[in-house]
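Secondary and tertiary structure notes
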Amino acid sequence: MEQPAPTLPGLGFSVLHQKVELDIDLASKSLKGKTEILISPHYRELKKIRLNCRQCSLKRLNINGRAPTLSYHEPYSKARIHPTANVHQHHMLRQKLAPQLREPPEEELVLTLPKSVRIEEVDLFAVDAGHILSSRVNGVAKRDSGDAASVAATPAPRMDDQAGKFKPLTVYIEFAISKIRDGLHFVGSEEGDQRYPHAFTRNFSFPGSACCLFPCVDDFSTRCTWEITIKCPRTLGDAVSHLANGPDQQSLGGLSNGHVDGLMPDEGFAQDMSGLSKEEKALDMTVVCSGDLTDEIVDPLDPTKKVFSFVCSAAIVAQHIGFAIGPFDHVDLSEFRETDEDDKLGQNAIHIHGFCLPGRAEEVRNTCMPMAKAIDFFTLTYGSFPFSSYKICFVDDQPQETVETASLSICNNNLLFPEDIIEPLNIVTRRLVHALARQWIGINIIGKEPRDMWVLVGIAYFITDMFMKRLSGNNEYRFRQKQAADRVCELDVVRPSLYDMGGLIFLDPSELEFIELKAPLVLFILDRRLAKAGGSSGLSRIISRILLNGKVGDLPNGALETRHFIRTCEKLGHTKLEVFFQQWVFGTGCPRFVVTQRFNKKKLVVEMMINQGALPIPTTRDVKSDTFLRDAKEQDHDVHPGPVPPAFAGPMTIRIHEADGTPYEHIVDIKDVITRVDIPYNTKYKRLKRSRRQKERAAAAAGIDISADTQDDVLLYCLGDVLQSEEEVSDWRLVDWSKEEEEKMNQESFEWIRMDADFEWICHMTIGMPGYMFVSQLQQDRDVVAQLESIRHISAIEESALISAVLVRTLMDKRYFHGIRIAAAHALVKCSKENLDWIGLRHLEKAFQEFFCFPGSAMTRSNDFSDRTDYYIQCAIPQAMAKVRGNDGKAPMRVKRFLFDQLKFNDNSNNDYSDCHYIATLMLALSESLITSGHKDLYNFTFDEDEREESQFQKEAIEEIERYQQLDEWIHSHHNIYSITALDCKRRLQQGKVIQTNVVDFMRYTREGTFSLLRLNAFSNLVELGMLRVDSILQYFLYVLHTDPSPFIRLSLLRLFSKGLGSIAIGEGLAKTSEKQHDGLIIVQEGGATDSRKQEIARTQTTSGALQALRKELNRNQALQRALWSAVTSPELGILELRELLGICGLLYEPKTSLIVELSYPRKWKAEHMGKGRIRFYQSDKIRTVPMKPFGYDVKIKEDDEPPASVGVIKLISKPNKPPPKLKLKLKLPGGTAG
């Protein structure tokens, strides 16, 4: 009797190698293929082979040449429900897709081994046994590097002890996909789509994408080597000829940016394809794929097709296989490698290839210029590149900005920018460098389980920021890290821990976004602490060791887990880190410190108290529109916030700048909620007085040497020491410290105290110091983080002319980092008050005039953006001026005129760079200045001369904004930035009730064919205006969401729809409950008003309250129900999009297990005498609505038992005692009548 197979964890086998052959047809958007999977059984009793396989039609299948028994549950065919179902049956559809919606998804294809296929043990003494175990199981990739010992080893799957004992089995499958909904996207194949035809894979950060194209084991951990063969049209002409011969005949044209030109189809297109020139027809189609290209030949059976063959000898998971097909131009990005780097790396220098659609090669060169420098930096710092080359391919409609696959990154064309564009330089460079860093950590090294995602994300971004630090400088690096830390403090409130969040990325995209924000910051402060530990070189050494362990096979299956990372950090860092990781990785929240200090003259110590309990970590947070749906999903999945430590612990560096200007550092160990510490005082020198310092500056400006008078003083280097002459002080109306303040400062024993000087904490810090100490920190501390903290504390001080003088000197001093100068410009807004005679506004105007106007004139010079720092300042000052408001909530007319003149008379004729982003900044600033803020009397129907002038100016300003919008339709700006900004301006003005709401302004940009970013911006503004409350717009929105062919548009609209639901849930745009105000007190009416107020509070502060309000408002909206259900049942959406929509249905509507059965009314029968004894019976057009009593039966409804509401019980009661009626017929016969 045959023994049953043992129940063991896992699949019961390992994949050693897989061959994939695909024949892709761009015209019909379909493919045919076959695959051969070599598996190694783990035990002899293996009976079933489980594979992931979606949307495939299986044609032929065998195991070792023998046909198996199979069970195939194709999920897309399951995504159907009875046509009479409605949105309340969402749970029935979700149950059908449950195996694919869980993480990880279940296998769809189950093969039962035929009895003729036996699992046999490997003869360890056979000749082939060594070959099987070494070349198949080990999966080590050796590439030609000139050195036989050089091995780029990607970790192979580490098998169980039984994995290599049995002979491999070969699974062969032939398949076809006629309608591709997931995994592969086609561009230029739709009617009216004028872009170059191309296709690319849609890879996700979790399993489920590869199995949509070919059967495989698509999970987090199964790795193997690959052979991939792809057949496609040989030239663009061959690809287009198939399109022309099909039903969708269209004209083609390559588009770089901007609107789609409305070209009409040419009459002779089918014959001569007039949409393409001869040169374009001859463009070769290229396949860019993961792995190394081994062969490229013309198909011997079809000369219009070409066959590309690739080999990926490094073991990788199926979801990291990607490719793109199109008429790509090749750009050699290795030419940007510097000569000394080339000599240093030698033959280990990695070749970098760029691929783009025709006409965009120069943009690729400009955008990807730092990539050669980045890959060399990573190679020298962290180890050799895991693959033989690296490829970057830019395509249209890519949903994510970058998608990383093995040795290939598929990027969205929107990342490209020409050399005359400045604005996206840092952002785009960081994203592309991060895509490169993912090749080391994320593809070469993977996570053991989803909750280890934070390690991969954190390390990838950490090494990215290390390169950006080298590229952009230390000030830029630390400034961005400080901004990220403040953002984490703001967002990390009542959230899951960083460790748990890795298992939640399937719920909402914002989960991964938060990991990308916090994880690299946690590693940054870890690096700071490790660098201070004895004998440690920081986190870079640890990362190098982890990559080396993966290369030599010390990491099982190349999978990194959190515990292994912690052990490595402790081992190489020579310190215990359990408390650190418990707080920042397994816990949640950020500490909030309140620091008080006092100098004890008797003991000569500085007494400090560091309190974490004065500002406790919040336990609740308000509901926001952009995060509401995420919070609702977490609540629905019983996701709980991570543990908050009662007190954060760790070392903190305190730096006291004493009276002689010398900084003294002290390390304090924070352990409890309240930490008290006495820091000894060291200064023996006379304190340098500010009056003496000012005297020295004035003397230096006059050329007088007074060094003899200051020999006993300690000189301090001071930033912000500009505008010191008497003429400048008078002209700028600068104010200095008063005598009382000078005396008070002279009595201080130290200049300032800097908490967390080494940036080892992600925290909110409140320090009890007088304002002049923060001014000293701003002017004398060269650390950009200290300067930014000073600006923020100074901004919180009561506004005065003195504060404005300090800030404007910071703005005018070019030695400051530009981010600090921009922060100072925005801080000057607070000093722009009527009671201060608009001193802050005057300083902003004078600064702009000094930098960008002709000397002694208010006329602006021609733009010159050759200095990026000056460009950022030129953008920042108008932005700050637009926020200035008077007591009436309106911007002064001189501000409006200034912004209007800058926009109208802007001159860019002598500038080498485009001014489109600067124009967009001025447009936004002008629109913001027109909005009245903090003033309730928005509608005033009394007009005086000033109001007439303001009304006329408002009309001129809007016309100027519309002029640039119209200009963009003729001469396209970069990414249609003029049109996008004009729509944003109109939306702001409509929200501020400056102009009437006009939906047409936005709707005309939502049509298909408009540039994608402009189209999405129009939809976004409609959502911001609350237009989803309008049924017709809501139906149109959802119609585009599920019918648009672009996954980029569909997924973006899905996020906008989530935000729109959040806006409705929290009541954005709705009038609040009326409240009466009397003598500064708010009087709330009792009864109904109190209940309404409670509901308003509940919907804005609790997820449950917001969800209840959303259901109450939308539950009876039939238009939403129909449109949403139409989207759910759309045959165009993929599994992930369907999951999101089903989740929304589950939140909005109660499930009802019922089904409407439609039955046709019976038609009445008619009898027609045809003559000659013939009678014709037929159904008439009349229907029968009342049951007809059959012969011998009465039809009654049983009334003794009350039937359910959804079920009707019909019982037939027979009457056997009553004889059936006799049918009497009279026939008239020739010669008489018979009865």
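See the structure printed just above.
Attention here is on the structure that accompanies the text. Predicted, not measured: the structure shown is a model, and the values here were computed from it.

So, how was this worked out
- Residues numbered from 1 in each chain as written.
- Predicted model: local features only at pLDDT ≥ 70, side-chain atom pairs only at ≥ 80, totals over all residues.
- Heavy atoms only, no water.
- Helix = DSSP H or I, 4+ residues; strand = E, 2+ residues; numbered from the N terminus.
- Buried < 20%, exposed > 50% of the residue type's maximum accessible area, 1.4 Å probe, protein only.
- Axes fitted to C-alpha atoms, helices over the stretch in contact; angles between N-to-C directions.
- Parallel < 35°, antiparallel > 145°, perpendicular 65-115°, else oblique.
- Left-handed = near helix turned anticlockwise from the far one by under 90°.
- Contact = heavy atoms within 4.5 Å.
- Pairing = 2+ DSSP bridges.
- Phe/Tyr/Trp six-rings, centres within 6.5 Å; stacked < 30°, edge-to-face > 60°.
- Lys NZ or Arg CZ within 6 Å of the ring centre and 35° of its normal.
- Patch = residues over 30% accessible without salt bridge, like charges linked within 9 Å, V, L, I, M, F, W, Y side chains within 5 Å.
- Areas by Shrake-Rupley, 256 points an atom, 1.4 Å probe, with all protein chains shown as cover.
- Salt bridge = Lys/Arg side-chain N within 4 Å of Asp/Glu carboxyl O.

**Focus: the overall build of the protein chain**
Assigned secondary structure in the protein chain consists of 40 helices and 36 strands. Burial status across the protein chain gives 53% buried among its 1235 residues.

**Overview of the packing of helix α39 (residues 1118–1128) against helix α40 (residues 1135–1148)**
Between α39 and α40, the least distance of the axes is 9 Å, while the angle of their chain directions is 150°. One finds that α39 runs roughly antiparallel with respect to α40. Crossing handedness for the pair α39 and α40: left-handed. Touching L1120, L1124, A1127 and V1128 of α39 are L1138, L1141, L1142, I1144, C1145 and L1148, all from α40.

**Things to note about the sheet that holds strand β14 (residues 323–326)**
Here four strands make up an open sheet; going across it, the order is β8-β9-β14-β11 and the pairing antiparallel. The sheet is open, and its two edges are formed by β8 (184–187) and β11 (286–289), each paired on a single side. Within the sheet, the average angular offset between the axes of one strand and its neighbour, ignoring direction, is 10°. Alignment of β11 against β14, held across four bridges, turns out to be antiparallel. From the neighbouring strand, V288 faces β14, where its bridge partner is A324.

**Notes on the packing of aromatic side chains**
The tally for this structure, following the rule as stated, stands at 34 aromatic pairs. Between F865 and Y871, the aromatic rings sit 4.7 Å apart at their centres with planes inclined by 65°, giving edge-to-face as the arrangement. According to the relative accessible area criterion, Y871 is buried, its value standing at 3%. Joined through ring pairs, the aromatic side chains of F377, F378, Y382, F385, F387, Y390, W440 and F467 make up one cluster. Lying over the aromatic face of F514, R495 brings its terminal NZ or CZ to 5.8 Å of the ring centre. The ring of Y964 has R963 sitting right over it, with the charged end atom 4.7 Å from the ring centre.

**Examining the environment of W584**
By the secondary structure assignment, W584 is in helix α18 (residues 578–584). You can call W584 buried: its relative accessible area is 0%. Residues W584 and A519, spaced 65 residues apart in sequence, show a C-alpha to C-alpha distance of 9.0 Å. Among all residues touching W584, those that are not within four sequence positions of it are L498, K518, V522, I525, R529, G589, C590, P591, F648, W761 and I762.

**A word on the side chain of T1103**
Position of T1103 relative to the elements: it lies in helix α38 (residues 1103–1114). In contact with T1103, other than residues within four places in its own chain, are V623, F628, D631, A632 and Q635.

**So, a nonpolar patch on the surface**
A contiguous nonpolar surface patch, about 390 Å² in accessible area, is contributed by L967, W970 and I971. Its place among the elements puts L967 in helix α31 (residues 945–970).

**Some remarks on the pattern of salt bridges**
Applying the stated criterion across every chain, the model contains 69 salt bridges. Linking R438 and E404 is a salt bridge whose minimum nitrogen-to-oxygen distance equals 3.5 Å. Of the two residues, R438 is situated in helix α11 (residues 425–440) and E404 in strand β18 (residues 402–405); the sequence distance between them amounts to 34 residues. The class of R438 is buried, set by a relative accessible area of 14%. Classification of E404 as buried rests on a relative accessible area of 12%. Two residues, K890 and E950, come together in a salt bridge whose shortest N-O distance is 4.0 Å. Here the residue K890 occupies a position in the loop between α28 (868–881) and α29 (893–904), and E950 occupies one in helix α31, the gap between them amounting to 60 residues. Using a relative accessible area of 25% as the deciding quantity, one classes K890 as partly exposed. The network of salt bridges with shared partners includes R478, K482, D486, R754, D781, D783, E789 and R792.

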